[in-house]
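Observations on the model geometry
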Amino acid sequence: MATELQNLSNELAGAVERAAAGVVAVHARPRINSSGIVWRQNLILTSSEGVRFEEGIKVVFADGRRAEARLRGTDPSTDLALLETDTGSIPPIEFASDDHLKTGQLVLAVGRTAATGPIASFGIISGVSGEWKSWRSGKLDPFVRLDLSVYPTSSGGAAVDSSGGLIGLVSSGLSRTSVLAVTRRTVDRVAQKLLDHGYVGRGFLGVALQPVALPRDLKEQLKLDQDTAIMLLGIEPNGPAASAGLLMGDILLQAGSSVISDAETLATLLDHATIGESLNFRVLRAGTVQEVKVRIGERPRKGK
């Protein structure tokens, strides 16, 4: 038994050592640093929660080297921020596939401080499920909850499996009660947008909505295969919906191949839509079903 425990201990220490080579300390807030992951050459992913100022950001690498970093973009809804700096010869850490994540797997949170070097905590994956919406309206896919203690300096660091494979970025800012891992699919979706645009644009129609139940006789008459839809109660002047000719009182039934049964369905569709693309909406208007093509706009950003 002693030998088995010693072997496990050595394997976990090795996993931390391997992961820590690509984990940096990020100084982007007063007094206390957070951590970050070398994502690509000269690019570092970190927690947006740990980025409190945009200038004067510094990072400390595993070899002790310090460098200035430029903020390329943030997405607080998924707790991701992207920094650009000279990473030198440090190889990026490759994210493992999300497909093999399981509840009960051993997991390590690996961070870094300028004073003490690598830091780590140990636990398990306590939950894995499908797409999940944070209290900041961001979507993680999949949702991965970690049952471990996280130091404030670990936020933005690496969540790794027992072999040192990168599961995701450690986030303590997306849930009021849990530590989460922002995994590969979410990173692939968000980080490239931060690199290209500095923020994540989300689809926008410019409408106020109310869910409605479709009467049985109307469903039978129009051969509609859904029980609920959403009605337009308000339309923003000059917004995408108004420009396309949608009217107050219109009932949205379908967008492309997606049935719109409630407001959440439409919100999800818009979050995944490409800004500027056109979608065909099936609309119930004055007792008839019509097709309306709407060009998806970009949701206004706060403060803009």
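What comes next concerns the included structure. Note that the structure is predicted; figures quoted are calculated from it, not measured. (Residues numbered from 1 in each chain as written. Predicted model: local features only at pLDDT ≥ 70, side-chain atom pairs only at ≥ 80, totals over all residues. Heavy atoms only, no water.)

**Regarding the side chain of serine 171**
- In this fold, serine 171 is placed in strand β13 (residues 166-171).
- A distance of 2.7 Å separates the side chain of serine 171 from the side chain of aspartate 79, its partner in a polar contact.
- The residues touching serine 171, leaving out its near neighbours within four places in the chain, are Asp79, Ser178, Val179, Leu180 and Val182. (Helix = DSSP H or I, 4+ residues; strand = E, 2+ residues; numbered from the N terminus. Polar contact = N/O pair within 3.5 Å; in protein donor to acceptor, adjacent residues only side chain to side chain. Contact = heavy atoms within 4.5 Å.)

**A closer look at the sheet that holds strand β1 (residues 23-27)**
- Overall, antiparallel pairing links the six strands, which are arranged β1-β2-β3-β6-β5-β4 in a closed barrel. Put simply, the sheet's adjacent strands are angled 40° from each other on average, direction ignored.
- Packed onto the sheet, helix α2 (residues 184-197) meets β2 (34-40), β3 (43-46), β5 (66-75) and β6 (80-84) and runs at close to 45° relative to β6. (Pairing = 2+ DSSP bridges. Axes fitted to C-alpha atoms, helices over the stretch in contact; angles between N-to-C directions.)

**Describing the nonpolar core**
- Ranked by internal contacts, the top residues of the largest apolar core, which has 31 residues, are Trp39, Leu45, Val110 and Val187.
- Counting 18 residues, the second largest nonpolar core, distinct from the first, contains Ile230, Ala241, Leu269 and Leu279. (Core = buried A, V, L, I, M, F, W, Y, C linked by side-chain atoms within 4.5 Å. Buried < 20%, exposed > 50% of the residue type's maximum accessible area, 1.4 Å probe, protein only.)

**A look at α2**
- The first and last C-alpha atoms of α2 sit 20 Å apart over 14 residues, in line with the 20 Å expected at 1.5 Å per residue.
- Considering only its buried residues, α2 is in contact with β2, β3, β5, β6, β10 (139-140) and β14 (179-183).
- A positive phi of about 90° marks glycine 198, the residue just after α2. (Expected span 1.5 Å × (residues − 1).)

**Overview of the packing of aromatic side chains**
- By the definition in use, this model includes one aromatic pair.
- The side chain of arginine 65 reaches across the aromatic face of phenylalanine 61, ending 4.2 Å from its centre. (Phe/Tyr/Trp six-rings, centres within 6.5 Å; stacked < 30°, edge-to-face > 60°. Lys NZ or Arg CZ within 6 Å of the ring centre and 35° of its normal.)

**What to know about the pairing of β1**
- In terms of residue burial, β1 counts as a mostly covered element, since four of its five residues are buried.
- With antiparallel pairing between neighbouring strands as the criterion, β1 and β2 make up a hairpin whose turn holds six residues, including arginine 31 at a positive phi of roughly 70°.
- Taken together, the three bridges between β1 and strand β4 (residues 57-60) define a ladder with antiparallel strand orientation. Among the inter-strand pairings, valine 26 is bridged to a residue of β4, identified as valine 59.

**Some details on a nonpolar patch on the surface**
- A surface patch of nonpolar side chains, about 300 Å² in accessible area, is lined by Leu8, Leu106, Phe122 and Ile124.
- Turning to its location among the elements, leucine 8 is positioned in helix α1 (residues 2-20). (Patch = residues over 30% accessible without salt bridge, like charges linked within 9 Å, V, L, I, M, F, W, Y side chains within 5 Å. Areas by Shrake-Rupley, 256 points an atom, 1.4 Å probe, with all protein chains shown as cover. Salt bridge = Lys/Arg side-chain N within 4 Å of Asp/Glu carboxyl O.)

**A closer look at the sheet that holds strand β7 (residues 106-113)**
- Around the barrel, six strands lie side by side as β7-β8-β11-β14-β13-β12; this closed barrel has antiparallel pairing. For this sheet the average axis-to-axis angle between neighbouring strands, irrespective of direction, equals 40°.
- Relative to strand β11 (residues 143-147), strand β8 (residues 117-129) runs antiparallel, the two sharing five bridges. Its bridge partner lying in β11, isoleucine 125 is registered against leucine 146.
- Across the sheet, α2 touches β13 and β14, and the angle it forms with β14 is around 65°.

**Notes on the pattern of salt bridges**
- Under the defined criterion, the tally for this structure stands at 13 salt bridges.
- The partner of aspartate 188 in a salt bridge is arginine 184, with the nearest N and O atoms 3.6 Å apart. Of this pair, aspartate 188 and arginine 184 are both found in helix α2, four residues apart, which corresponds to roughly one turn of the helix.
- Overall, the relative accessible area of 48% leaves aspartate 188 in the partly exposed class.
- Using a relative accessible area of 34% as the deciding quantity, one classes arginine 184 as partly exposed.
- We note a salt bridge from lysine 219 to aspartate 227, for which the minimum N-O separation is 2.4 Å.
- Judged by relative accessible area, lysine 219 falls into the buried class, the value being 19%.
- Because the salt bridges share partners, they merge into one network encompassing Asp98, Asp99, Asp141 and Arg185.

So, to be careful, I would describe these as geometric facts and stop short of saying anything about function.
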